[in-house]
Amino acid sequence: MMIAFERALETKRADALFQDPFAEAMAGPKGAMLSEMFGGGSAHFGLPDWPDFHRTWTAVRTRFIDDQIQKYAESSGCYQQLVNLGAGMDTRAYRLEAYKAFPNGCFDVDMASVNREKQMIFEQVLQNPAPKCKLATIDLDFLGERSLQQELAEVG
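### Brief notes about the overall build of the protein
Working step 1: Helix and strand counts for the protein stand at 6 helices and 3 strands.
Working step 2: Counting from the amino terminus, the protein carries its helices and strands in the arrangement α-α-α-β-α-β-α-β-α.
Working step 3: Computed over its C-alpha atoms, the radius of gyration of the protein comes to 16 Å, within 12% of the 15 Å expected for a compact globule of 156 residues.
Working step 4: Counting only C-alpha atoms and orienting by the principal axes, one finds that the protein spans roughly 45 × 40 × 30 Å.
Working step 5: For the protein, the proportion of its 156 residues judged to be buried stands at 36%.
Working step 6: Summarising the internal contacts of the protein: among those between residues at least 6 apart in sequence, 70% fall at separations of at least 24.
Working step 7: Placing the 16 positive and 22 negative side-chain charges of the protein at their respective mean positions leaves the two points 3 Å apart.

Here is the structure:
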């Protein structure tokens, strides 16, 4: 939610590096609070500029990943699908046209609690927008018994 909040801040800039029309809804009221809390302790550790740095880093990181996905999508069909590990409140499958290039779709992988919250926001707040490709959500505790390979095999 914190990263979604920071994506929403970037989206509102006139010179934004990207547009994420879903970020503000994904952040909810917790996003701003988490961002403030995360940055609040930074001065204690001698990093008073950390909040601004982190928001800039989030924007640059988001744009970098968006650009890499675009590059792979344009690779003449070399990539059939995309697996998004630790997807959190990521909305790329809904906002990037490049996802149409993945014929086997996208797999968003995160903890069940995160996936439930994200699904609730898409359903109740955003009225179920359509993803740009087939999208499967996988609940996975990365420290649990089940492996990513097992979960992906079950979903297809």
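There's more to say after this.
### Focus on the nonpolar core
Working step 1: Counting residues in each nonpolar core, the largest one holds 20 residues, and the members touching the most others are Met-26, Ile-69, Leu-82, Met-89, Tyr-99 and Phe-102.
Working step 2: Top contributing element to this core by residue count: helix H5 (residues 112-125), with 3 residues.
Working step 3: Core analysis: the second largest hydrophobic core is formed by 5 residues, Phe-107, Val-109, Ala-136 and Ile-138 among them.

### As for the pattern of salt bridges
Working step 1: On inspection of all chains with the given rule, the structure shows 15 salt bridges.
Working step 2: A salt bridge links Arg-13 to Asp-15; the shortest N-O distance between them is 2.9 Å.
Working step 3: Asp-66 is the salt-bridge partner of Arg-92, the closest N and O atoms lying 2.6 Å from each other. Of this pair, Arg-92 sits in helix H4 (residues 92-95) while Asp-66 sits in helix H3 (residues 50-73), placing them 26 residues apart in sequence.
Working step 4: Arg-92 gets classed as buried once you look at its relative accessible area, which sits at 6%.
Working step 5: Judged by its relative accessible area of 8%, Asp-66 falls in the buried class.

### A look at the pairing of strand S2 (residues 106-110)
Working step 1: The buried fraction of S2 is high, at 5 of 5 residues.
Working step 2: Pairing analysis gives 5 bridges linking S2 to strand S3 (residues 135-139), with the strands arranged parallel. Paired with Asp-110 across the strands is Asp-139, a residue of S3.
Working step 3: Note on the crossover from S2 through H5 to S3: the handedness is right-handed.

### Let's talk about the sheet that holds S3
Working step 1: Sheet architecture is open: 3 strands sit in the order S1-S2-S3, paired in parallel fashion. At either margin of the open sheet sits one strand with a lone partner, and together these are strand S1 (82-85) and S3. With strand direction ignored, the average angle separating the axes of adjacent strands in the sheet is 20°.
Working step 2: Alignment of S1 against S2, held across 4 bridges, turns out to be parallel. Among the inter-strand pairings, Asn-84 is bridged to a residue of S2, identified as Asp-108.

### Observations concerning the packing of aromatic side chains
Working step 1: Applying the stated criterion across every chain yields a total of 7 aromatic pairs.
Working step 2: Ring centres of Phe-22 and Tyr-94 lie 6.1 Å apart, and the angle between their planes is 65°; this geometry places the pair in the edge-to-face category. With Phe-22 in the loop between helix H1 (2-11) and helix H2 (23-40) and Tyr-94 in helix H4, the pair connects residues that are 72 residues apart, well separated along the chain. For the pair formed by Phe-22 and Tyr-94, the shared burial category is buried.
Working step 3: Residues Tyr-94 and Phe-122 carry aromatic rings whose centres are separated by 4.0 Å and whose planes lie at 25° to one another, so their mutual orientation is stacked. Taken together, the residues span a long stretch of sequence, with Tyr-94 in helix H4 and Phe-122 in helix H5 at a distance of 28 residues. For the residue pair Tyr-94 and Phe-122, the accessibility class agrees, reading buried in each case.

Rules used throughout
- Residues numbered from 1 in each chain as written.
- Predicted model: local features only at pLDDT ≥ 70, side-chain atom pairs only at ≥ 80, totals over all residues.
- Heavy atoms only, no water.
- Helix = DSSP H or I, 4+ residues; strand = E, 2+ residues; numbered from the N terminus.
- Rg over C-alpha atoms; globule rule 2.2 N^0.38 Å.
- Buried < 20%, exposed > 50% of the residue type's maximum accessible area, 1.4 Å probe, protein only.
- Contact = heavy atoms within 4.5 Å.
- Lys, Arg positive; Asp, Glu negative; His and termini not counted.
- Charge placed at Lys NZ, Arg CZ, Asp CG, Glu CD.
- Core = buried A, V, L, I, M, F, W, Y, C linked by side-chain atoms within 4.5 Å.
- Salt bridge = Lys/Arg side-chain N within 4 Å of Asp/Glu carboxyl O.
- Pairing = 2+ DSSP bridges.
- Right-handed = clockwise from strand over helix to strand, strands pointing away.
- Axes fitted to C-alpha atoms, helices over the stretch in contact; angles between N-to-C directions.
- Phe/Tyr/Trp six-rings, centres within 6.5 Å; stacked < 30°, edge-to-face > 60°.

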